[in-house]
Each structure stands twice: as C-alpha cells, then as structure tokens.
Amino acid sequence: MLLEINDLHVYYKSYWYILKVLNGVWLRVDKGERVGIIGESGSGKTTLLKSILKILPQNGIIPRGEIRYDGKNILKLGDNELTKIRRKEIGIIFQDPMAALNPVFTIKEQLYDIIKHKMMIEGHNPSSKELHEQAVKILNDVRLPDPERVLKSYPFQLSGGMRQRVMIAMALISAEKLLLADEPTTNLDVTIQDQILKLIHKLVTEKNLSTILVSHALGMVYQMTDRVFVLYAGDIMEEAGTNELFNHPKHPYTQLLISSTPRLSSVGVGEGIKGKIPDYRNPPPGCRFAPRCPYVMDKCINMKPGKIQVNRDHVVSCYLYD
Ligand code: SF4
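Residues numbered from 1 in each chain as written. Predicted model: local features only at pLDDT ≥ 70, side-chain atom pairs only at ≥ 80, totals over all residues. Heavy atoms only, no water.

## Digging into the packing of aromatic side chains
Under the defined criterion, the tally for this structure stands at six aromatic pairs. For the pair Tyr 154 and Phe 156, a centre-to-centre distance of 6.2 Å together with 20° between the ring planes defines the contact as stacked. With a centroid separation of 4.6 Å and 50° between ring planes, the pair formed by Tyr 232 and Tyr 253 is classed as tilted. Here Tyr 253 lies in helix H11 (residues 252-259) and Tyr 232 lies in strand E9 (residues 227-232), a separation of 21 residues in the sequence. For Tyr 253, a relative accessible area of 0% corresponds to the buried category. Aromatic ring contacts, followed pair by pair, group Tyr 232, Tyr 253 and Phe 289 into a single cluster. Its end group placed over the ring of Tyr 17, Arg 281 keeps NZ or CZ at 5.3 Å from the ring centre. (Phe/Tyr/Trp six-rings, centres within 6.5 Å; stacked < 30°, edge-to-face > 60°. Helix = DSSP H or I, 4+ residues; strand = E, 2+ residues; numbered from the N terminus. Buried < 20%, exposed > 50% of the residue type's maximum accessible area, 1.4 Å probe, protein only. Lys NZ or Arg CZ within 6 Å of the ring centre and 35° of its normal.)

## Examining the site of the ligand
Close to the ligand lie His 251, Pro 252, Cys 287, Ala 290, Cys 293, Tyr 295, Met 297, Cys 300, Pro 305, Cys 318, Tyr 319 and Leu 320, which account for all nearby residues. Partitioning the shell around the ligand into residue classes produces 11 nonpolar, one polar and no charged. (Near = heavy atom within 4 Å. Nonpolar A, V, L, I, M, F, W, Y, C, P; charged D, E, K, R; others polar.)

## Some remarks on the packing of helix H2 (residues 79-88) against helix H4 (residues 107-121)
Following both chains from N to C, one finds H2 and H4 inclined at 120°, their axes separated by 9 Å at the closest point. When the interaxial angle is binned, H2 and H4 end up oblique. Of the two possible hands of crossing, H2 and H4 adopt the one that is left-handed. Contact residues: H2 offers Thr 83, Lys 84, Arg 87 and Lys 88, while H4 offers His 117, Lys 118 and Ile 121. Looking at the contact of H2 with H4 residue by residue, the classes come out as one nonpolar, two polar and four charged. (Axes fitted to C-alpha atoms, helices over the stretch in contact; angles between N-to-C directions. Parallel < 35°, antiparallel > 145°, perpendicular 65-115°, else oblique. Left-handed = near helix turned anticlockwise from the far one by under 90°. Contact = heavy atoms within 4.5 Å.)

## A look at unusual backbone geometry
You will see that Asp 7, though not glycine, has its phi angle at about 50°, which is positive. Within the element layout of this structure, Asp 7 appears in strand E1 (residues 3-13). Its relative accessible area of 34% is what places Asp 7 among the partly exposed residues. If you check the backbone angles, Arg 143 has positive phi at about 60° while not being a glycine.

## Some points on the pairing of E1
The sheet contact formed by E1 and strand E4 (residues 60-69) spans seven bridges and is antiparallel. Following the sheet pairing, Tyr 12 is matched in E4 by Gly 60. Pairing analysis gives nine bridges linking E1 to strand E2 (residues 18-29), with the strands arranged antiparallel. Each bridged residue has a counterpart across the sheet, and for Val 10 the counterpart in E2 is Leu 22. (Pairing = 2+ DSSP bridges.)

## Examining H2
All of the buried residues in H2 are Leu 82, Ile 85 and Lys 88. Taken down its axis, H2 places every buried residue within 160° of arc, on the same side. Opposite the buried face of H2, by more than 90 degrees, sit the exposed residues Asp 79 and Asn 80. Taken together, the buried residues of H2 touch E4, strand E6 (90-93), H4 and helix H7 (160-174). (Arc of directions from axis to C-beta.)

Distances and angles like these do not, on their own, reveal function.
Here it is, written out as structure tokens:
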C-alpha cells in the first residue's frame, strides 16, 4: 500500500465560525494503482488532495486522522521530510495553471528551480547546462513544440493548453511515486481536454506512477482509473473497482450522480440531483446526504452510517445495506 488515509477530519476556521469540511474520510492507493475521486463541486475533493501534501490554506486544521504514505504518517513529519516528499515523490497538477504558475517568472526560471531543488535533494548541484537539458527533455516529454521558445515565455504568453502541459511537466518532475491531478482539464476546450488526458495517461503508464484523479467528469474517471471513491460533503459514500462502481452503484448518492450524467446513463439525460451540498458550518449530524436522499430513514438523521462491505471489492456507507 502506498497511501492510506483513515478518519481524516479537516476544518477551516474563521473568526466567526468553523467549516467542518472533511468528516472522517478514508482512502487507499496501492503501488501503481490509478484511483479516482468523484463528487459534485464543493464536496471537499481539493481539500483532500491538499491535505495529502499538507498544503492547506493557513486557516485549515486537521483535528483528527491519519495519512500514511509509504509507511510514514504525513501529519507527523517535520518540514524537511515533507519538502523532500513534495519535491521528489508526490507531484500535483492543479485545476488552474494560471493560479499555480508564478506570473512574474519565466517558465525557464520556474522549471529550473524545481529541477535544481530535486537534484540537490539527490546530492547533486546541477550546472546550467544540465538544468537546460533536463528542462528541454521534460517539455519534450509533455509534447510541447519549440521548448526553447516556451522556456523564454512568461505564463501569460502561452495558450491554456500549453500552460497545462507546463503544469504537467512540473508535476512530473516531482512525481516519482504518486501523481495527484485535480480536475486537470476543467478550463480547457474539449479537443485539448482529450489530448491532455491521453498525455497524462501515457506518462503515468510509462512511469508506473500511482495516481489520484479528482474530477466531477465521470466519463474521464471511468476511462482512466482502476478504483473509485465517491466523496459527498466531506464523507466517503462508496468505494469500489471502477467497473463495479459504474455498473453496480449501491449508494443512493452514487446512483443519482451516475444517472444524472448523460453519457453514462442508459436512461438518457438525467435531471441532476435535487437540493444542494449542506452548509459546512452546521452539517447534518448523521448521514450528510440525508437531506437529499429519497430513502432517508429516522436513524439516518442523527447517526453517521459506518463502512459496510457489500462484496470483496465494494464498500458502501449507507444504512440501506446494514
Ligand atoms: Fe440515504 Fe440513509 Fe443511506 Fe444516507 S444512510 S444514503 S440518508 S438511506
């Protein structure tokens, strides 16, 4: 097992209130496994990825839980060990490359910095020639034409698709074991989305990387993952192998999510799920899906359901299977 998360709680604190976002999340990723996390916007998917790297915003706190990565509890590691992991083992592709790239530095300055720090962790202080060779190689790997011109450019001088390829290049420098991809194609047009997904798929396969792909685009997750976790309002509702989950969803939320996605539904265009994600200042004390669930029972209201194993490779958190 490369990554195992247990009972993870993440809150955001402000002067007036506390947002209780993650509510006891569990997750596991084997070596070389491609895991998907699906759920509506605002379910806590990005918070979960940021927790793994301990890059939550300043007001984010983790009152409870464990993130075991390669045998170590990430939450107990010191800054030096965390920096090594972020620079050399786990890479992340963010949703918005413009927010992730620094607008005042050229791509060359930003790429050189990442490559240099990684090589220094490996005990080698690279020359300018080595940095240049590595930077050109990684831009070629992500199929960016004219790497010399890209290196001299500032982020705003590149197209959206090119910026996303630069982000992938940067993530891959650090990702020797695990790649986290947070809605990696959301801001791109459909043709470019397809190219970027194929590229990510090819690169992770070549490098035999474990991946966590976070997306609300179910078709993408269906094509690109081996196992899926369904996250709703900060709780994992269901976990199963990808085929099992999409063909035999058990949790009412997963069933509604899949049936409301046109290309995955056999009944045509769905109507969406009525209602909205609960207010994290005062979330439901029992099952967080209860206010929207067509099967809600009395016991769902006050007590959160546990994990129920419905078959060898399928876990659901719902009283209907108790
Ligand atoms: Fe619905 Fe109850 Fe199951 Fe929650 S636990 S999904 S409210 S039936």
